[in-house]
Protein chains: 2
Amino acid sequence: MTLSVTQNLNTTGKRIASIQQNALSLLVEWSDETVSEFHHIWLRDNCPTAFHIDTEEREFDLLSVSEDIHPLSVEVSDDFLHIEWSEGGHRSCFTQSWLIEHSYSGLINERHVSAYESWDSAFVNTIYHAQYEAVMDDDKALYQWMVELDKSGLTLIDGMPDSTESTVLLASRIDYLRQTNFGTTFNVVSVESPINLAYTSIDLPLHTDLTNQETPPGYQFLHCLANDCEGGESVFVDALKVAEELRDECPDYFKLLSEQVIPFRFHDESHDIREHHSVINVDQFGNIIEIKFNAHLASIFDLPACVMYEYYLAYRSLMKRLRDERFKIELKLSAGQMVVFDNRRVLHGRNKFEDSSGRRHLHGCYVDRSEFKSRLRVLAKKYA
Amino acid sequence: MTLSVTQNLNTTGKRIASIQQNALSLLVEWSDETVSEFHHIWLRDNCPTAFHIDTEEREFDLLSVSEDIHPLSVEVSDDFLHIEWSEGGHRSCFTQSWLIEHSYSGLINERHVSAYESWDSAFVNTIYHAQYEAVMDDDKALYQWMVELDKSGLTLIDGMPDSTESTVLLASRIDYLRQTNFGTTFNVVSVESPINLAYTSIDLPLHTDLTNQETPPGYQFLHCLANDCEGGESVFVDALKVAEELRDECPDYFKLLSEQVIPFRFHDESHDIREHHSVINVDQFGNIIEIKFNAHLASIFDLPACVMYEYYLAYRSLMKRLRDERFKIELKLSAGQMVVFDNRRVLHGRNKFEDSSGRRHLHGCYVDRSEFKSRLRVLAKKYA
């Protein structure tokens, strides 16, 4: 069945030109000659009446209809597509703009491309600086800062008050903090019986935090309260940039690092937290979404013997690139500055410092990705 | 090079019988005629001296040696394997028991089989009951309860004090609580302007919580403070059992549900939390490790058009099984009882209740899987 229609164009200019009803779906041809397939069962499942009026949660019970449900009639009028269903005497009414927005024909991957901008050492000159007072007081400044953080994965906040409380206040502008076995906040200072290498004064090689957790913390806040020792510069690398290069130049290594899992572990008296992860994490749409790299927490590799040697070659290849000066930025944080970065994207480390030459104190916390992205969406409705 | 050795058996009875050195690895033949391959680079990377003496974190820099590193000599004496390396004048000494424990030849999957015991409706007669006082006061009782919870994914705690505080105290015996956009604790009561269906008095179909989060909460604690309405029975299904059956009977559907991702979403005034997930989650070792099923939070499916209809068939097939009486248990919680279950395995729901017939109040919170497994490991060292 083909239904030809002629009508006024809506604001986007794209309208239904014709509809062909097949056994399982409607084929909608648009005025720009593109075609969208909408399956009958999908249309019934997403009828506007299927959602709760207050919560907008789906209320329709999919099993209340059969898988053979199909339109008895299809009608286009003005901005709407009307369907009379073969079951339950039900009618649905969709706006054409809703159908355009939710069309699932074409390349799904194109709709799920990450918006990040990967960077190398030149990024040190273009790091986004936000002001503490502005981010605290003004939602638009908060939004602008979060957009930059989302894109590059690393920003600086200047003008932080000289208190550990301000770290939490700033981070809480996004949402609640992510607790870990180290607490909801932590202090990076050199101590006598360190439970991990961060709490010494030695070189801290580039890593992402807590790769031993099922979901390592998302955004990391490191507020510098003092840093007048010799040394102690913070070092960062955008591991997404490095992974992109590896994918281009050594696709076999990239594949191994994204498909094989290695064990990570942290343990002390009260915890023994272990997880297997791939070092490179690619989502279902082909985007590199996460790097879990922490040589210190990496436990004893238990890969199948047949891939062990090749895996070491891939892992070493990634390690070498991560240390390449082409990718590295170095920042000597000063008191009153806070660096905020995506812990699951940007590796961080520090140069060793001379304990006796002064004081170095960073105060840190985390906010997770779900909360960050949620806040960004809510702010975007007003400020984008 | 083959090195034949004769020596006393250690406690396990298994000892090195011979060693053959190849280009990339040592092939160790054990006294029980099994063979383990240990790659040179793996052995060097895991030399006992590679780990920090306090933190046990890996300190050895893998890039300080080349990928061609190999033994100059290999020697077995008593319980040890000694290696003199071709680089850095370094020597390593491994115990044979450590080599046995970390052997990565053979089937990796056998070492990563989940210990869970899936259940159907008969489970209602064998649910493990723990006592509040015992779990609070005695680490061994805590351990025994956690072992049962780990295996079956659902247990009951009896003798809860009549306070919301006790929910938190009990959960905190494992570790800190998982915060969500609903707070660190929540009350399930019928309210006038519900932000989700849980806060009404209507039927709550079987689901797992917060599938819209990147990592949905792990273990859920639901403490019953009052439940004297008509109706309001809690309903549970072990989705692992259902997924196992689906894997056996409809492998194509299982594959679709474990490989394709669908969108989930919760939003209110302050949040808009969205994530794509597969409904069935299988780990790298082939274990079913998680079900994310929540028809209310499921957003508008945006699968590629070529799999959409088939996916609906698979999804409906899973839904039908999840409603099958063969799998369901029903519990009318009474005041002073708490049900604790794995929110990422066991679906929960409730029958509708008659608001005017009495009071129904559940107080809830979550503890995540990483923390649960960590606590279980630490307790097992003492009580297993």
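Residues numbered from 1 in each chain as written. Chains lettered and ligands numbered in written order. Predicted model: local features only at pLDDT ≥ 70, side-chain atom pairs only at ≥ 80, totals over all residues. Heavy atoms only, no water.

**Topic: the overall build of chain A**
Next, step 1: When helices and strands are tallied, chain A shows 9 helices and 21 strands.
Next, step 2: Along the longest, intermediate and shortest principal axes, the C-alpha atoms of chain A span 85 × 55 × 40 Å.
Next, step 3: In the structure as shown, chain A presents an accessible area of about 15800 Å², 47% of it carried by carbon and sulfur atoms.
Next, step 4: Between the averaged position of the 35 positive side-chain charges in chain A and that of its 61 negative side-chain charges there is a distance of 4 Å. (Helix = DSSP H or I, 4+ residues; strand = E, 2+ residues; numbered from the N terminus. Areas by Shrake-Rupley, 256 points an atom, 1.4 Å probe, with all protein chains shown as cover. Lys, Arg positive; Asp, Glu negative; His and termini not counted. Charge placed at Lys NZ, Arg CZ, Asp CG, Glu CD.)

**Overview of the interface of chain A and chain B**
You'll often see interface size given as the accessible area lost when the parts meet.
Next, step 1: Contact with chain A, which involves 86 residues of that partner, is made by 86 residues of chain B.
Next, step 2: Buried area between chain A and chain B, summed over both chains or domains, comes out near 7500 Å², and the portion from carbon and sulfur atoms is 54%.
Next, step 3: The largest contributions to the chain A side of the interface with chain B come from Ile300, Tyr309 and Arg316 of chain A, which together make up 10% of the buried area.
Next, step 4: Applying the counting criterion to the chain A and chain B interface returns 11 salt bridges.
Next, step 5: In this structure, Glu275 of chain A and Lys373 of chain B form a salt bridge, with 3.6 Å as the shortest nitrogen-oxygen distance.
Next, step 6: Connecting chain A to chain B are 37 residue pairs in polar contact (both at pLDDT 80 or more).
Next, step 7: When residues of the side of chain A that touches chain B are traced back to their parent elements, those giving at least two are strand 4 (35-39), helix 1 (40-45), strand 14 (262-267), strand 15 (272-277), helix 8 (305-322) and helix 9 (369-383) of chain A.
Next, step 8: A total of 9 residues in the side of chain A that touches chain B trace back to one element, the largest contributor, which is helix 8 of chain A.
Next, step 9: Class assignment of the residues belonging to the side of chain A that touches chain B gives a composition of 35 nonpolar, 23 polar and 28 charged. (Contact = heavy atoms within 4.5 Å. Buried area = accessible area lost by both parts, 1.4 Å probe. Salt bridge = Lys/Arg side-chain N within 4 Å of Asp/Glu carboxyl O. Polar contact = N/O pair within 3.5 Å; in protein donor to acceptor, adjacent residues only side chain to side chain. Nonpolar A, V, L, I, M, F, W, Y, C, P; charged D, E, K, R; others polar.)

**Remarks on the side chain of Ser370 of chain B**
Next, step 1: Within the element layout of this structure, Ser370 of chain B appears in helix 9 (residues 369-383).
Next, step 2: On the basis of relative accessibility, which here comes to 4%, the residue Ser370 of chain B falls in the buried class.
Next, step 3: Not counting the four nearest positions on each side in its chain, Ser370 of chain B is found in contact with Gln213, Glu214, Ile273 and Glu275 of chain A. (Buried < 20%, exposed > 50% of the residue type's maximum accessible area, 1.4 Å probe, protein only.)

**Here's the deal with unusual backbone geometry**
Of all residues except glycine, most have a negative phi; of all peptide bonds, most are trans.
Residues and elements named next belong to chain B.
Next, step 1: Positive phi, normally seen in glycine, also occurs at Asp78, with a value near 50°.
Next, step 2: Inspection of the secondary structure puts Asp78 in the loop between strand 5 (71-77) and strand 6 (80-85).
Next, step 3: Even without being a glycine, Leu210 presents a positive backbone phi close to 55°.
Next, step 4: Inspection of the secondary structure puts Leu210 in the loop between strand 11 (204-207) and strand 12 (219-227).
Next, step 5: Take Leu210: its relative accessible area is 6%, and that puts it in the buried class.

**Here's the deal with the relation of the copies chain A and chain B**
Next, step 1: Once chain A is rotated about the relating axis by 180° and shifted along it by 0.0 Å, it coincides with chain B to within an RMSD of 0.0 Å. A rotation of that kind, with that shift, is consistent with a two-fold axis. Across chain A, the rotation axis passes nearest the C-alpha of Thr215 of chain A, at a separation of 3.6 Å.
Next, step 2: A symmetric contact is evident, with 100% of the interface residues of chain A recurring at the interface of chain B. (Least-squares fit on C-alpha atoms with pLDDT ≥ 70 in both.)

**Remarks on the pattern of salt bridges**
Opposite charge on two side chains lets them pair, provided their charged atoms get close.
All names here are of chain A.
Next, step 1: Inspection of the entire model under this criterion finds 51 salt bridges over all chains.
Next, step 2: The residue Arg15 makes a salt bridge to Asp79 at a minimum N-O spacing of 3.0 Å. Remark: Asp79 occurs in the loop between strand 5 (71-77) and strand 6 (80-85) and Arg15 occurs in the loop between strand 1 (2-4) and strand 2 (16-21); sequence separation between them is 64 residues.
Next, step 3: Accessibility expressed as a relative area gives 37% for Asp79, which makes it partly exposed.
Next, step 4: Put simply, Glu245, Glu249, Arg321, Asp324 and Arg326 are held in one network by salt bridges that share partners.

**Description of the sheet that holds strand 19 (residues 337-342) of chain A**
Residue and element names in this part refer to chain A.
Next, step 1: Read across the open sheet, the 6 strands follow the order 8-9-19-12-21-10; overall the sheet is mixed. Of all the strands in the sheet, just strand 8 (128-131) and strand 10 (185-188) have a single pairing partner and so form its edges. Taking each pair of neighbouring strands and ignoring which way they run, the sheet shows an average axis angle of 25°.
Next, step 2: Bridge count between strand 9 (residues 154-158) and strand 19: 4 bridges; the pairing is antiparallel. By the bridge assignment for strand 19, Leu154 is matched with Phe341.
Next, step 3: Contacting strand 9, strand 10, strand 12 (219-227), strand 19 and strand 21 (360-367), helix 5 (residues 164-171) runs over the sheet at an angle of about 25° to strand 21. (Pairing = 2+ DSSP bridges. Axes fitted to C-alpha atoms, helices over the stretch in contact; angles between N-to-C directions.)

**Notes on the packing of helix 6 (residues 239-249) of chain B against helix 7 (residues 251-259) of chain B**
The axes of two packed helices give the description: the angle between them and the distance between them.
Residues and elements named next belong to chain B.
Next, step 1: Interhelical geometry of helix 6 versus helix 7 gives an angle of 125° and a closest axis separation of 5 Å. As far as their axial angle goes, helix 7 and helix 6 are oblique. Contacts between helix 6 and helix 7 involve Ala243, Leu246, Arg247, Asp248 and Glu249 from the first element and Pro251, Tyr253, Phe254 and Leu257 from the second.
Next, step 2: For the contact of helix 6 with helix 7, a count of residues per class yields 6 nonpolar, no polar and 3 charged. (Parallel < 35°, antiparallel > 145°, perpendicular 65-115°, else oblique.)

**Some details on the confidence of the model for chain A**
Next, step 1: For chain A, the average pLDDT comes to 92, and 93% of its residues sit at 70 or higher.
Next, step 2: Segment residues 1-10 of chain A is flagged for pLDDT under 50; beyond a separation of four residues in sequence, or across chains, it makes 29 contacts in the model. (pLDDT = per-residue confidence, 0-100.)

**Focus: the side chain of Thr167 of chain A**
Residue and element names in this part refer to chain A.
Next, step 1: With respect to the secondary-structure elements, Thr167 resides in helix 5.
Next, step 2: With a relative accessible area of 0%, Thr167 lands in the buried category.
Next, step 3: Side-chain polar atoms of Thr167 contact the side chain of His223, separated by 2.9 Å.

**Notes on the environment of Ala305 of chain A**
Next, step 1: Residue placement: Ala305 of chain A occurs in helix 8.
Next, step 2: The contact partners of Ala305 of chain A, leaving out residues within four places of it in the chain, are Glu37, His39, Tyr104 and Ser105 of chain B.

**Considering the domain arrangement of chain A**
Next, step 1: Taken domain by domain, chain A holds domain 1 (2-106) and domain 2 (121-383).
Next, step 2: Computed from C-alpha coordinates alone, the two centres of domain 1 of chain A and domain 2 of chain A are separated by 45 Å. (Domains from an automatic or database assignment.)

**Some words on the packing of helix 7 (residues 251-259) of chain A against helix 8 of chain A**
Residues and elements named next belong to chain A.
Next, step 1: Following both chains from N to C, one finds helix 7 and helix 8 inclined at 105°, their axes separated by 9 Å at the closest point. In terms of their interaxial angle, helix 7 and helix 8 are classed as roughly perpendicular. Residues Tyr253, Leu256 and Leu257 of helix 7 touch helix 8, and the partners they reach there are Val307, Glu310, Tyr311, Leu313, Ala314, Tyr315, Ser317 and Leu318.
Next, step 2: Each residue belonging to the contact of helix 7 with helix 8 can be placed in one class, and the counts come to 9 nonpolar, 1 polar and 1 charged.

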